[in-house]
Amino acid sequence: MPSSTESAKTTTELNKHYEPATIEAKWYQQWENTGLFTPEAVTEKHPAPTGNPFSIVIPPPNVTGNLHMGHALDNTLQDILIRWHRMMGDTTLWMPGTDHAGIATQNIVERQLQAEGTSGSELGRDKFIERTWNWVDKCQGNITGQLRKLGVSPDWSRQRFTLDDGCSDAVREAFFQLYEKGLLYRGEYIVNWDPATQSAISDIEVEYSDEASHLWHVRFPTPEGQPELVIATTRPETLYGDVAVAVHPKDDRYTSLIGQTIPHPLTGRDIPIIADDYVDPDFGTGCLKITPAHDPNDFDIGKRHNLENLVVLDEYGCVKDLDFIPEHIRGMDRFEARTATEKLLKDKNLLAKKEEHNNRVGRAQRSGAIVEPLLSKQWFVSTKPLAEQCLQSLENSEIKFVPERWTKDYLRWMNNIQDWCVSRQLWWGHRIPAWYCADCDQITVAKTDPTECQHCQSANIKQDPDVLDTWFSSGLWPFSTMGWPNTDAADFKTFYPTSTLVTGFDIIFFWVARMTMFGHAFTEQTPFDTVYIHGLIRDEKGQKMSKSKGNTIDPVESIEKYGCDAFRWSLTSLITYGGQDIKLVPGVMEQGRLFTNKLWNAARFTLMNLHNDDGTTVDNQPIDMDRLQPMDRWILSRYNTTVATANQYMAEYKFGELATLLYEFTWNAFCDWYVEAAKAPLRDDATRANTQRVLLHVLEGTLRLMQPLMPFISEEIWQQLPHTPTHANISLAAYPQADSSLIDETLETRISLTLDVVRALRNIKQQYAVSPRQGIKVVIEATDTTEYDALNTEAKDLINLFVPLDSWQLHSHLTETPKQAAVNVVGQCRVFVPLADFLDIDQEKERLAKKLDDLAKEQDKLFTMMGNHEFMARAPQAVVDKNKARLDEVNQQAAALKEQLESLG
């Protein structure tokens, strides 16, 4: 039997208006100051701690500026989960932190220096890193401040950074272990080179798109009497790096040439004609120029045939100064060299033709520069052995993706994984812990800085100048933040593996795959058991938000305008369970603001009505279940049904459905119906006390239901309720659990039909401008037995609470329908309201006929305009759309007026 609450504290009235800014600042400071976000708070203060750990690590925001709407969504969802588990009594940890974001952060600082008339190279490495740390300190404060504005509840006392001492130790340990296991190696390979950032980047940091370009067909000279070789290329500037021509071994056109050498048309160097199965004899002319240092496929062919790797472009994307390259082309930018090479081919009559061609071009995700395939000595992680462990754990159901469809993306990446280039030519980041000996040319990899070569003990060693890919340290995040490599660390033992990862689908491979690979490699465990994937936030047209498009929305500005809880509810309400992208439609934030105001006003009503005439407040007695009114039983059933569904949605990660559920129950069931229905019994001494208890019980429980999603308003109202809980904050109150004995589906269905009748009656009164206080006669025909029985129970008294009735008739069948009556259909019932008692029928007919005539004139005008081909051709589309919409509206209004006229006879 539910108790209204423990009555000890007297109620206080809420302010007339909800003022989110003041309330949010007050409560967040109190939460943080009292250590509410720590796992220890649950253990010490929750009424029923479970002892079960639940942990999440935040996807660390890059220290590159302000947070965007994607961060706001991601962190709101994590906070909902964290707050729910905290209220469930679980020992809950949300680990906060930020990412050093190597390339992105270094680019920002470089631009700052450029604006000051200097550069990183002028400062030198140490000074540049010092300058970057200054930026990071400022940016971290900004990011954490924005997260606090969002109302999120991570344990700030445990805040981490991917370059802090603990994470740095973990990076060194991981690098050392991979190297010792033979899973990390250094070698010359074709890498994706970004000339803008002067660094290698991984395959998934390259974005490909089709771009308009050309195909140049170049003649290669052959001995007299031999077939002509014409080779097509999309990159004439790399011709100088050709070391062979390849044909298919079974291509009869060229078998006589295999094994011969020919002079290169531009450099004059002798190059062999080789046979390789990679060549498609049906594509183009069936011949390929082989440039191993500037094409990954050519590199593989070159290895098979032991060909020279001839590098003709440098790290800036410029042609190198080599003797066999025409002097005027040396030093040119690659695209300038392309134009100059085309001219050279024409001058030498070597250009057979040039044709337009759509080329698949790769651009660096960060800089936007066209990526250059370049032969370079880099560090690589052997990923296939690591991926095999991840695939096995997926097969063993050790990890699951929600929604499940994202599993396919994860599988596709893992099954087609390539070795990962982890070295970056930057200064900002984890410097590679490898030292090169000038005396023996051996490599020393160590966890701590060595003083000598481990092979020959020479002190003549020098550390690799490069840093590791940012995603290397991010891949260690779930356990490096918990204390690894110290596996005896308290957090590691308690909270690792973590429970759930919340992230967007765009970094499934960037981050999720790396974490699972490293989790198996270093801890022999999957770092989390569930990966919840949400969509990306887009504008109302479905476009990606970007500063260049001018369609970004600042989450902090939205919070300041609408309030944090309104913002959080609005974002969450847009989520679909399928993980589709989210269109941020206009008005949704305003709907959230109206929702918070609705709840606030209902709480004000409740608190004001908990006072009795003698100055006392609601008594300390449980709800008297034997003296419940029908609407009391209905709201208790609806409340417990909502509680059961809310817990189910939480467990199934159905955040959007949860937001809608809480909205519909609070706005419709509680505020619109029960609060309205409670007014009459609150005025009756016989029913007042029990109604107070029900009001308070449902409001208090609803606040706890809402707390994970709307923490500030729920805390503020909850604090004003007349109770002395064992916990000082709603965050540590128990999350509601359903009492199935109070759920009555039959009652809910019966009263739902009655309330639908109330809606129909209200619509009729509004339609005919009848005063809300005016009593009306109601005649209902309910031909369906179930609906008849439902309305024959307590419907008349319930309807009278909302719509004053002069008379009430319920029939299973009408032989004659009431004359001059408005009619509405509810289910299979027809609801009639005779109008003659409060309406001059003739005058009303005249009024409606005039309105109908006015609409007919407007219809004619719009039809004429829409039928005018000249107007339709010249008018802006916005005007055409507006006229079409208005015509639809006029048609609907005219149809409604005709129905009204017919109902009046």
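**Overview of the overall build of the chain**
Consideration 1: When you go through the chain residue by residue, the secondary structure sums to 28 helices and 29 strands.
Consideration 2: Whereas a compact globule of 905 residues would reach a radius of gyration of roughly 29 Å, the chain reaches 37 Å, over 25% beyond that.
Consideration 3: Each principal axis of the C-alpha distribution contributes one length, and for the chain these read about 110 × 75 × 55 Å.
Consideration 4: When burial is assessed residue by residue, the chain has 55% of its 905 residues classed as buried.
Consideration 5: A separation of at least 24 residues holds for 77% of the contacts in the chain among residues at least 6 apart in sequence.
Consideration 6: Of the roughly 40,300 Å² of accessible surface on the chain, a fraction of 46% belongs to carbon and sulfur atoms.
Consideration 7: A distance of 4 Å separates the average location of the 90 positive side-chain charges in the chain from that of its 127 negative side-chain charges.

**Focus on the sheet that holds strand S27 (residues 805-811)**
Consideration 1: The strand order across the open sheet built from four strands is S27-S26-S29-S28, with neighbouring strands paired in mixed fashion. Because the sheet does not close on itself, it has two edges, and the strands there are S27 and strand S28 (821-826). Pairs of neighbouring strands in the sheet enclose a mean axial angle of 20°, with direction left out of account.
Consideration 2: Both strand S26 (residues 776-782) and strand S29 (residues 829-834) contribute to a ladder of four bridges, which runs antiparallel. Counted as the bridge partner of Ile-780 is Val-831 from S29.
Consideration 3: Running over the sheet, helix H23 (residues 745-767) touches S26, S28 and S29 and is turned about 145° from S28.

**Some thoughts on helix H26 (residues 841-866)**
Consideration 1: In a regular helix each residue adds 1.5 Å, so 26 residues correspond to 38 Å; H26 covers 37 Å between its end C-alpha atoms and thus fits that length.
Consideration 2: Of all the residues in H26, the buried ones are Ile-841, Glu-844, Leu-848, Leu-852, Leu-855, Gln-859, Leu-862 and Met-866.

**A closer look at the packing of aromatic side chains**
How two aromatic rings sit relative to each other is given by the distance of their centres and the angle of their planes.
Consideration 1: On inspection of all chains with the given rule, the structure shows 37 aromatic pairs.
Consideration 2: A centroid spacing of 5.6 Å and a plane angle of 15° characterise the contact between Tyr-185 and Phe-380, whose relative ring orientation is stacked. Of the two residues, Tyr-185 is situated in strand S5 (residues 184-194) and Phe-380 in strand S14 (residues 372-381); the sequence distance between them amounts to 195 residues.
Consideration 3: For Tyr-185, a relative accessible area of 22% gives the class partly exposed.
Consideration 4: Here the aromatic cluster, defined as three or more aromatic residues joined through ring pairs, consists of Phe-175, Tyr-179, Trp-379, Trp-420, Phe-472, Phe-479, Trp-484, Phe-492, Tyr-496, Phe-518 and Phe-522.
Consideration 5: A cation over an aromatic ring shows up here: Arg-360 above the ring of Tyr-208, its NZ or CZ 4.2 Å from the ring centre.

**Some remarks on the nonpolar core**
Consideration 1: The biggest cluster of nonpolar side chains holds 214 residues, and the ones touching the most others in it are Trp-379, Phe-472, Ile-635 and Phe-670.
Consideration 2: Per element, the largest residue contribution to this core is 17 residues, and it comes from helix H20 (residues 655-682).
Consideration 3: Apart from the residues within four sequence positions on either side, Phe-670 is in contact with Ala-602, Thr-606, Ile-635, Phe-665, Val-675, Leu-695, Val-698 and Leu-699.

**So, the sheet that holds strand S23 (residues 528-534)**
Consideration 1: What the three strands build is an open sheet, ordered S15-S23-S22; its pairing is parallel. Pairing within the sheet leaves two strands with one partner each, and these edge strands are strand S15 (400-402) and strand S22 (498-504). In this sheet, neighbouring strand axes are inclined to one another by 20° on average, regardless of whether the strands run parallel or antiparallel.
Consideration 2: Here S15 runs beside S23; their pairing, made up of three bridges, is parallel. Bridge pairing links Lys-400 to Thr-530 in S23.

**Re the environment of Arg-759**
Consideration 1: Among the secondary structure elements, Arg-759 is positioned in helix H23.
Consideration 2: In this structure Arg-759 comes out as partly exposed when scored by relative accessible area, which is 36%.
Consideration 3: Once the C-alpha coordinates of Arg-759 and Asn-597 are considered, the two residues, 162 residues apart in sequence, prove to be 23 Å apart.

**What about the pairing of S22?**
Consideration 1: Where burial is concerned, most of S22 is hidden: seven out of the seven residues are buried.
Consideration 2: Of the pairings in the sheet, the one linking S22 to S23 comprises six bridges and is parallel in character. The residue of S23 that forms the bridge with Gly-504 is His-534.
Consideration 3: Note on the crossover from S22 through helix H15 (residues 508-523) to S23: the handedness is right-handed.

**What to know about the pattern of salt bridges**
Consideration 1: If you walk through the whole model with that rule in mind, you get 44 salt bridges.
Consideration 2: When the shortest N-O distance is used, the salt bridge between Glu-676 and Lys-679 registers 3.2 Å. You can see Glu-676 and its partner Lys-679 sitting in helix H20, three residues apart, about one turn around the helix.
Consideration 3: Judged by its relative accessible area of 29%, Glu-676 is partly exposed.

**Thoughts on helix H17 (residues 564-573)**
Consideration 1: Of all ten residues making up H17, ten are buried, and the element is well covered by its neighbours.
Consideration 2: Within the span of H17, buried status applies to Cys-564, Asp-565, Ala-566, Phe-567, Arg-568, Trp-569, Ser-570, Leu-571, Thr-572 and Ser-573.

**Things to note about the confidence of the model for the chain**
Consideration 1: Averaged over the chain, the pLDDT score is 90; the fraction of residues at 70 or greater is 97%.
Consideration 2: Counting contacts from residues 4-9, a segment whose pLDDT is below 50, to residues more than four positions away or on other chains yields 28 contacts.

**A closer look at the packing of helix H16 (residues 555-562) against H17**
Helix-helix packing: each pair is described by the crossing angle between the helix axes and the interaxial distance.
Consideration 1: For the pair H16 and H17, interaxial distance at closest approach is 7 Å and the crossing angle is 120°. Judged on the interaxial angle alone, H17 and H16 are oblique. When H16 is examined against H17, the residues Pro-555, Ser-558, Ile-559 and Tyr-562 are found in contact with a partner set consisting of Cys-564, Ala-566 and Phe-567.

**Overview of the side chain of Asp-90**
Consideration 1: As for its placement among the helices and strands, Asp-90 is situated in the loop between helix H3 (69-87) and strand S2 (91-95).
Consideration 2: Of the side chains with opposite charge, Arg-86 lies nearest to the buried Asp-90, which makes no salt bridge, at 10 Å.
Consideration 3: Of the polar contacts made by the side chain of Asp-90, one reaches the side chain of His-85; its length is 2.8 Å.
Consideration 4: Leaving out residues up to four positions away in the same chain, Asp-90 has contacts with Val-42, Thr-50, Asn-52, Phe-54 and His-85.

**What to know about the environment of His-727**
Consideration 1: Mapped onto the elements, His-727 comes out in the loop between helix H22 (711-720) and H23.
Consideration 2: In this structure, the C-alpha to C-alpha distance between His-727 and Ser-499, residues 228 residues apart in sequence, is 26 Å.
Consideration 3: Those residues in contact with His-727 that lie beyond four places of it in its chain are Lys-45, Pro-47, Trp-718, Leu-732 and Ala-733.

**Structural notes on the packing of H17 against H22**
Consideration 1: The interhelical angle for the contact between H17 and H22, taken along N-to-C directions, is 130°, at an axis separation of 7 Å. It follows from the interaxial angle that H17 and H22 lie oblique. Note on element contacts: H22 touches H17 through Pro-711, Phe-712 and Ile-713, opposite Cys-564, Asp-565 and Arg-568.
Consideration 2: Residue classes in the contact of H17 with H22 are distributed as four nonpolar, no polar and two charged.

**Here's the deal with unusual backbone geometry**
Consideration 1: Put simply, Val-402 and Pro-403 share a cis peptide bond, and its omega is -5°.
Consideration 2: By secondary structure assignment, the location of Pro-403 is in the loop between S15 and helix H11 (406-415).
Consideration 3: Residue Pro-497 follows Tyr-496 across a cis peptide bond; omega there is 0°.
Consideration 4: A positive phi angle is found at Ala-101, which is not glycine, with a value near 50°.
Consideration 5: You can see Ala-101 is positioned in the loop between strand S3 (97-98) and helix H4 (102-115).
Consideration 6: Residue Ala-101 is classed as buried on the basis of its relative accessible area of 3%.
Consideration 7: The backbone phi angle of Gln-457 is positive, close to 60°, even though this residue is not glycine.
Consideration 8: With respect to the helices, strands and loops of the structure, Gln-457 is situated in the loop between strand S19 (443-445) and strand S20 (461-463).

Cut-off values and rules
Position numbers for residues count from 1 along each chain, tracking the sequence in the order it is written. Per-residue local features of the predicted model are confined to residues with pLDDT of at least 70, and side-chain atom pairs are confined, for both listing and counting, to 80 or more; whole-chain, interface and lining totals are unaffected and use all residues. No hydrogens and no water enter the side-chain calculation; it runs on all heavy atoms of the structure. Helix numbers and strand numbers start at the N terminus; a helix is a DSSP run of H or I with at least 4 residues, a strand a run of E with at least 2. Computation of the radius of gyration draws on C-alpha atoms alone. For the globule rule, the value is 2.2 Å times the number of residues to the power 0.38. Only protein chains enter the accessibility calculation, which uses a 1.4 Å probe; a residue is then buried when its area is under 20% of its type maximum, exposed when over 50%, and partly exposed in between. Between two residues, a contact is recorded if the distance between any of their heavy atoms is within 4.5 Å. Only the protein chains shown count as cover for residues, with accessible areas throughout obtained via the Shrake-Rupley method and a probe of 1.4 Å. The charge count includes Lys and Arg as positive and Asp and Glu as negative, but it does not include His or the ends of the chains. Where a charge lies is defined by one atom per residue type: Lys uses NZ, Arg uses CZ, Asp uses CG and Glu uses CD. If DSSP finds at least two bridges between two strands, the strands pair. Orientation is described by axes fitted as lines to C-alpha atoms, over the contacting stretch for helices, and by angles from 0 to 180 degrees between their N-to-C directions. Expected span of a helix, by definition, is 1.5 Å for each gap between consecutive residues, and there is one gap fewer than residues. Any Phe, Tyr or Trp ring, taking Trp's six-membered ring, that has another such ring centre within 6.5 Å forms a pair; planes under 30 degrees apart are called stacked, those over 60 apart edge-to-face, and the others tilted. Should the NZ of a Lys or the CZ of an Arg lie within 6 Å of a ring centre and within 35 degrees of the ring normal, that charge is described as sitting over the ring. Nonpolar core, defined: a set of buried Ala, Val, Leu, Ile, Met, Phe, Trp, Tyr and Cys residues in which side-chain atoms within 4.5 Å join the residues together. Seen with its strands pointing away from the viewer, a crossover is right-handed when the path leading from the first strand over the helix to the second is clockwise. What counts as a salt bridge is simple: a side-chain nitrogen of Lys or Arg found within 4 Å of a carboxyl oxygen of Asp or Glu. Confidence scores per residue from the predictor, reported as pLDDT, run from 0 to 100. In what follows, roughly perpendicular refers to angles from 65 to 115 degrees, roughly parallel to angles under 35, roughly antiparallel to angles over 145, and oblique to any angle outside these ranges. What qualifies as a polar contact is a pair of N or O atoms within 3.5 Å, subject to a donor-acceptor requirement within protein and to the restriction that residues adjacent in sequence count only when both atoms come from side chains. Classes in brief: Ala, Val, Leu, Ile, Met, Phe, Trp, Tyr, Cys and Pro nonpolar; Asp, Glu, Lys and Arg charged; the others, Gly included, polar.

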